[in-house]
Amino acid sequence: TSYVLCFLTMISSRPHFTILVSLLFKPGAGFVLPEQRKKSSSSGLRMSIPNAFDTLTSGLSSICRLPKGTTVLRSESSDITLLRLYDIENSVECRPVRERITELDLDVGLVVPSAVGGSSFRDGTIPSGVVPSLVVAEGGNGEETTLFGTEEIISFFDARFPVPKRDDDDDVFSSKILPPLLSAGNAIASALRFGRGRDVSPSSVEAPRPKNPLVLYSYEGNQFCRLVREVLTELDLPYRLVSSGKGSRKRADLAARTGGSSQCPYLVDEDNGIEMAESADIVRYLYKTYGRYVPPNKLLGVISRFIMVPLGGPIFRATAPLQAGKSLWGESEDPSIYEADVAKAKEEILRETSADDIVIYTYKLSPFSSEATELLRNLEVPFKEISFGNEWIPGLLADGCAAKRAALLEMTGMSSLPHIFIRGKSIGGIYSGSPGLLKAVEKGTFMDMVAEFKNTKDEVTV
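Below, the structure is looked at part by part. (Residues numbered from 1 in each chain as written. Predicted model: local features only at pLDDT ≥ 70, side-chain atom pairs only at ≥ 80, totals over all residues. Heavy atoms only, no water.)

**Focus on helix α12 (residues 335-355)**
Formally: A run of H or I in DSSP counts as a helix once it spans at least four residues, and a run of E counts as a strand once it spans at least two, with each numbered from the N terminus. Expected span of a helix: the number of residues minus one, times 1.5 Å. Contact between two residues is taken to exist if any of their heavy atoms lie within 4.5 Å; hydrogens are not considered.
Compared with an ideal rise of 1.5 Å per residue, which puts 21 residues at 30 Å, α12 spans 31 Å between its outermost C-alpha atoms and is within 8% of the ideal. In this structure, the buried side of α12 is in contact with α11 (298-323), β11 (358-362), β12 (384-387), α14 (401-412) and β13 (419-422).

**Digging into the nonpolar core**
Here is the rule we go by: What makes a nonpolar core is a set of buried Ala, Val, Leu, Ile, Met, Phe, Trp, Tyr and Cys residues whose side-chain atoms join them at distances within 4.5 Å. When accessible area is computed with a 1.4 Å probe and restricted to protein chains, residues below 20% of their type maximum are described as buried, those above 50% as exposed, and intermediate ones as partly exposed.
Judged by nonpolar contacts, the single largest core of 46 residues is most densely connected at Tyr361, Phe388, Leu437 and Phe446. With six residues, the top contributor of residues to this core is α14. Not counting chain neighbours up to four residues away, the residues in contact with Tyr361 comprise Ile349, Glu352, Thr353, Ile386, Phe388, Lys404, Leu417, Pro418, His419 and Phe421.

**Overview of the packing of α11 against helix α13 (residues 367-378)**
The criterion, for reference: Comment: axis = line fitted to C-alpha atoms, over the contacting stretch for helices; angle = value between 0 and 180 degrees taken between N-to-C directions. We call two directions roughly parallel when the angle between them is under 35 degrees, roughly antiparallel when it is over 145, roughly perpendicular when it lies between 65 and 115, and oblique otherwise. Each crossing is labelled by how the near helix is turned from the far one, with a counterclockwise turn of less than a right angle marking it left-handed and a clockwise turn marking it right-handed.
Viewed as axis vectors pointing N to C, α11 and α13 meet at an angle of 130 degrees, and their least axial separation amounts to 11 Å. Relative to α13, α11 is oriented oblique. Pair α11 / α13 crosses with left-handed handedness. Residue-level inspection shows Leu300, Ile303, Ser304 and Met308 of α11 in contact with α13, the latter providing Pro367, Phe368 and Glu371.

**Observations regarding the packing of aromatic side chains**
For clarity, the cut-off: Aromatic pairing here means that ring centres of Phe, Tyr or Trp (its six-membered ring) are within 6.5 Å. Orientation follows from the plane angle: under 30 degrees is stacked, over 60 is edge-to-face, and everything else is tilted.
With the rule as written, the count across this model stands at eight aromatic pairs. The interplanar angle of 70 degrees and the centroid separation of 6.1 Å between the aromatic rings of Tyr217 and Tyr266 together place this pair among those described as edge-to-face. Residue Tyr217 is found in strand β7 (residues 214-218), and its partner Tyr266 is found in strand β9 (residues 266-269); the two are separated by 49 residues along the sequence. Here Tyr266 falls in the buried class, since its relative accessible area comes to 8%.

**A word on the sheet that holds strand β10 (residues 274-276)**
What counts, and what does not: Between any two strands, pairing holds if DSSP finds at least two bridges.
One open sheet holds the eight strands; their spatial order is β6-β5-β2-β3-β8-β7-β9-β10, and the pairing between them is mixed. Each edge of the open sheet carries a strand with a single partner, namely β6 (143-148) and β10. Here the average twist between neighbouring strands, direction ignored, is 20 degrees. Taken together, the two bridges between strand β3 (residues 108-113) and strand β8 (residues 239-243) define a ladder with antiparallel strand orientation. Counterpart to Val108 in the pairing with β8 is Leu241. Relative to the sheet, helix α6 (residues 149-160) contacts β2 (81-87), β5 (133-138) and β6, its axis offset from that of β6 by approximately 130 degrees. Running at roughly 150 degrees to β7, helix α8 (residues 223-234) makes contact with β3, β7 and β8 of the sheet.

Set out below in C-alpha cells:
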C-alpha cells in the first residue's frame, strides 16, 4: 500500500485534468477575485518543503515559457517607479507581468501576495479586487497611477519601455506559431505547479510578520526562485523584488554583496540580520521564522480523505482482529488466547503512552507516518516514536504488533497508523481522528493540549 502511495505522491500531485482546466484561462484583463471565494479555501491546503520533484516540475514550468522571463532585454534608467505589485505566484494572469519585469530589469518596491485568504484579500486593499494590479509613480511629482490586469500593465510597459525589435520578430514562427505555444505553455506551467503558490497556508495565521519587507533577488524564469516565491505567497509575506535576470546590472551588486556569487534566489531579512542563498535553505527559514509549522504533503491529505478513510478504514478495522488471531466468524479454537493477547497489548499501549508526553505509533514504510513525524519535528516538540514494523501487511508487521493493532482498534476505534497519543490520550492520525494531528495544529490547539496534559502530569507528580 505504501509503495503505491509513495508513487502516487510523486506523480499525481499535479492532476492531469488541471492542464485542461488551466487552458481555459487566457491571460487578459486580469481576473477579479470572486465574491463567493472570499472565504479562505486554505483549510484544505497542504504543503511541504520543496523536494526533487518540485525542482523538476518547476524547471519544466520554466521551459514551458522559454525564452520569457530569463534575460534582460532593456536596462536603462527611468523616472518610473514600480511601487506595488499585487500578485499571485501560480497565476496565468500574473506570470506574463513578472516576466516583463525581469526582461525590463525593473525592481518592485513591494510585491503584495494577493491569494484568497491573505491579509490584502481580507482587508480589501487589492485595487478593485483585480489581480494583477500595479501601482506606479511617474515623473518628478511622484503621482501614482494604478494599472489593472495583465493587458493594461503590459501595454504600459510597451509604451514606456519599448524594446527594439529583432530581425526575426516578424517571421512566421515568431509572429504566428510562438504566441499560441507560449499561451499554452503558460497554462501548463501553472498545472505543473498545481497546489503551490496560489493559496495561503493556515501556517501563516497568527504567525510573526517582519517589520521591514523581505528583499528577494530573483528572476521569473529561474526554477529555484519560483520555489521561494511560492512559499512567500503561501505565507502571505510581502517582499521587495530586486530583478536579477541574465544580463542585469544588479548581478554585479549581488556579487559584491555576497563576495563573488550572483546566484539567485538570494534573500535578505533586515529584521533578523539574515542573508542567504539556496532555495531549500530559504524555504526552511521562511517556514521556521514566519510560519507556525511546516505543513505536510497536500496529496497525502487528499488520499487520506477520499481513499484511506472511506475505503481503507473498513479494511483496516476488519483485518486487525483477524491478524491478531480472531477467526472470520468471531470465534477461534481458544478465544481466551486472542483475548489474553489483546489484553496484554492494551496494557503495553497504556504503559507506553503514559511514559512520555507525546507518543506516536508508526510504520517504517508509511508516507503518512513519515509526514506525521516530520510535522512533530518541525513543531520542535519531544516525542517518542514506536514502530509496528514496516507495514500492516502480514509478514511486514513486527512481532506482537498484530495484537497491538487489534488493541488500538478496541481502545480508540482506529487501527491505522500513524497514531498519536498525548499523555495517554489518543488524538488520532495525521489527517483523521479526534481531532487529528494536523487539524489540531491548524486550529492552534495542539500545543495547548500538550501544555494541558503536561500541567496535569506535574500536578499528579507534586
